[in-house]
Amino acid sequence: MREIAFGAVFSLLIAIGAFLIAAWPVPGRPVAAYFRAGTSAAQVAGAVAQAGGSLLQFGATPALIISLSDRPDYAAQLYQSGAWLVIDGELARLCAGGSWQART
């Protein structure tokens, strides 16, 4: 029974690792970032600006955004500015089913 549990946990960790590697943002392409629930649009915009990017779109809530920067360390800067998860923007659009909306 231990072998089965070990195999299941190990497989799950490998799958999560593969997803994170595939989802890591490419510099110069849009990225999707998730901030703490309840974060205001102004706070998110400030975090994106602090990280050196420009805000492109909001998701269903202001905590979900698509942004862009040419900086090679932009994803790391978003994490330092308070993002909980940063992934490739195109992958996020596929997962969201095209539900991203432009807000001006």
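The model shown is predicted, which means the values in this text are computed figures rather than measured ones.

Caption draft 1: View of the pattern of salt bridges. Under the criterion given, the structure shown has two salt bridges. Across the pair Asp 88 and Arg 29 runs a salt bridge, and its minimum N-O distance is 3.7 Å. In this pair, Asp 88 sits in strand β4 (residues 85-88) while Arg 29 sits in the loop between α1 (2-23) and β1 (31-34), placing the two residues 59 residues apart along the sequence. Owing to a relative accessible area of 8%, Asp 88 belongs among the buried residues under this scheme. Classification of Arg 29 as partly exposed rests on a relative accessible area of 38%. Linking Arg 71 and Asp 73 is a salt bridge whose minimum nitrogen-to-oxygen distance equals 3.3 Å. Look at Asp 73 and you get partly exposed, because its relative accessible area is 30%.

Caption draft 2: Structural detail: the packing of aromatic side chains. Following the criterion strictly, the structure yields three aromatic pairs and no others. Ring centres of Trp 24 and Tyr 79 lie 6.4 Å apart, and the angle between their planes is 20°; this geometry places the pair in the stacked category. On the criterion of sequence distance, the pair formed by Trp 24 in the loop between α1 and β1 and Tyr 79 in helix α3 (residues 74-80) is long-range, its members being 55 residues apart. On the numbers, 6.2 Å between centres and 70° between planes, the contact of Tyr 34 with Trp 84 is edge-to-face.

Caption draft 3: Summary view of the nonpolar core. Grouped together as the largest cluster of nonpolar side chains are 15 residues, with contacts concentrated most on Ala 33, Phe 35, Ile 65, Leu 78 and Val 86. Looking at this core, the elements that each hand over two or more residues are β1, α2 (41-51) and α3. Of the residues forming this core, the biggest block, four residues, is contributed by α2. In this view, Phe 35 contacts Val 44, Ala 47, Ala 63, Ile 65, Leu 78, Ser 81, Gly 82, Ala 83 and Trp 84; residues no more than four positions away in its chain are not counted. Listed in part, the five residues of the second largest apolar core include Ala 23, Ile 66, Ile 87 and Ala 92.

About the thresholds
- Residues numbered from 1 in each chain as written.
- Predicted model: local features only at pLDDT ≥ 70, side-chain atom pairs only at ≥ 80, totals over all residues.
- Heavy atoms only, no water.
- Salt bridge = Lys/Arg side-chain N within 4 Å of Asp/Glu carboxyl O.
- Helix = DSSP H or I, 4+ residues; strand = E, 2+ residues; numbered from the N terminus.
- Buried < 20%, exposed > 50% of the residue type's maximum accessible area, 1.4 Å probe, protein only.
- Phe/Tyr/Trp six-rings, centres within 6.5 Å; stacked < 30°, edge-to-face > 60°.
- Core = buried A, V, L, I, M, F, W, Y, C linked by side-chain atoms within 4.5 Å.
- Contact = heavy atoms within 4.5 Å.

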